[in-house]
Amino acid sequence: MRRPTPAGRPSSGRAPRPREGQAEQLGFEGMPERLFVCTPSKLGAYADCPRRYRYSYVDRPAPPKGPPWAHNSLGASVHTALKNWYALPLDRRRPEALAGLLRGTWVREGYRDDEQERAAYRRALGWLEAYVETLEPEVDPLGVERVVAVKTAVLAFNGRADRIDSRPGPEGPELVIVDYKTGRTGLDADDARGSQALALYAYAAERVFRRPCRRVELHHLPTGTVAGHDHTAESLARQLSRAEETARDIMAAERAVADGSDPDEAFPTSPSPRCGWCDYRRVCPAGAQTPGKEPWAAVDRPPEGEPAQQ
């Protein structure tokens, strides 16, 4: 009989392995499998490189990361300024409010020097001023930085959408997922169509709000362009199926490590030019073979290998 966990000691949540000569303890027949709790970034980390996923979510303590990235600081600053713009009273949602909002949310980490940081601030302010001119200040989105969540037979998914709009549709209000982008590279309809994160947001939002949600949009602030795609129920189902397959692969790899397999074999590397931008390049034998990028490189020029965009 399994002994109860002593008071004050947390349970591992996993049945202990049987000692030699001890019969293996079987689970109850018909018990549901554990759901894989995930966010878009968690799924994306494994899809990009299983080894990076392991460093981020499996190894404890996690390996040390490299220094902060300036392009992440820039993206986070712009995202938060837009969130706070929508939090203003209607009569204050004017372009002239943006300078104060951006200063108040500005993240300074990763830049080469003060000159580069000031140039990035001016560029970001210009993006914001041009972008809010395209908005209707009196129209409140249904959600800003809104968390949506959904469970399937495999996943317990949750994610924070930059913005969820409610727009008129042929049969009543429909939801639209809006994602802000600040990377140097432009985006097109194929990027919106292929984004698993946007599809999962749409799938979850439709179930949270009980309204149709098929339209997804990438709003690229540096160019002022919008890349959109209209999903169907079938295309959302395909993206969900892909996410569930990734989750199954992750859970299988985690079980293999728990059962004694070599973690490097269970979570192999996927070498690519992106290795130069990886937080764990210094501790990854494969990544260390790729020249590393300076933390401010993506702010200066279009990055080779495309670092993750905010």
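Our structure is the block above this text.
Keep in mind the model is a prediction, meaning the values are calculated, not measured.

## As for the overall build of the protein
The helix and strand inventory of the protein stands at ten helices and six strands. Counting the 310 residues in the protein, one finds 40% classified as buried. When contacts within the protein are restricted to residue pairs at least 6 apart in sequence, long-range pairs at least 24 apart make up 67% of them. Total accessible area on the protein stands at roughly 17700 Å², and carbon and sulfur atoms take up 49% of it.

## Some points on unusual backbone geometry
Cis rather than trans, the peptide bond between R60 and P61 has omega equal to 0°. On the secondary structure map, P61 appears in the loop between α2 (50-58) and α3 (70-87). Notably, E145 is not glycine yet its phi reads approximately 50°, a positive angle. Within the secondary structure, E145 is located in strand β2 (residues 143-151). Even without being a glycine, R210 presents a positive backbone phi close to 55°.

## Some details on the packing of α3 against helix α4 (residues 98-105)
In contact at an axis separation of 8 Å, α3 and α4 are set at 130° when each is read in the N-to-C sense. What the angle tells us is that α3 and α4 run oblique. In terms of crossing hand, the pair formed by α3 and α4 is right-handed. Mapping the contact onto sequence places S77, V78, T80, A81, N84 and W85 in α3 and L98, L101, L102 and T105 in α4. When the residues that make up the contact of α3 with α4 are grouped by side-chain class, the tally is six nonpolar, four polar and no charged.

## Observations regarding the environment of L102
Here L102 lies in helix α4. Look past the residues within four positions of L102 in its chain and what remains in contact with it is S77, V78, A81, Y121, A124, L125 and L128.

## A closer look at α3
Because an α-helix packs 3.6 residues into every turn, residues spaced three or four apart end up facing the same way. The terminal C-alpha atoms of α3, which comprises 18 residues, lie 26 Å apart, in line with the 26 Å expected from a rise of 1.5 Å per residue. Where α3 is concerned, the buried positions are A70, H71, S73, L74, G75, S77, V78, H79, A81, L82, W85 and Y86.

About the thresholds
Residues numbered from 1 in each chain as written. Predicted model: local features only at pLDDT ≥ 70, side-chain atom pairs only at ≥ 80, totals over all residues. Heavy atoms only, no water. Helix = DSSP H or I, 4+ residues; strand = E, 2+ residues; numbered from the N terminus. Buried < 20%, exposed > 50% of the residue type's maximum accessible area, 1.4 Å probe, protein only. Contact = heavy atoms within 4.5 Å. Areas by Shrake-Rupley, 256 points an atom, 1.4 Å probe, with all protein chains shown as cover. Axes fitted to C-alpha atoms, helices over the stretch in contact; angles between N-to-C directions. Parallel < 35°, antiparallel > 145°, perpendicular 65-115°, else oblique. Left-handed = near helix turned anticlockwise from the far one by under 90°. Nonpolar A, V, L, I, M, F, W, Y, C, P; charged D, E, K, R; others polar. Expected span 1.5 Å × (residues − 1).

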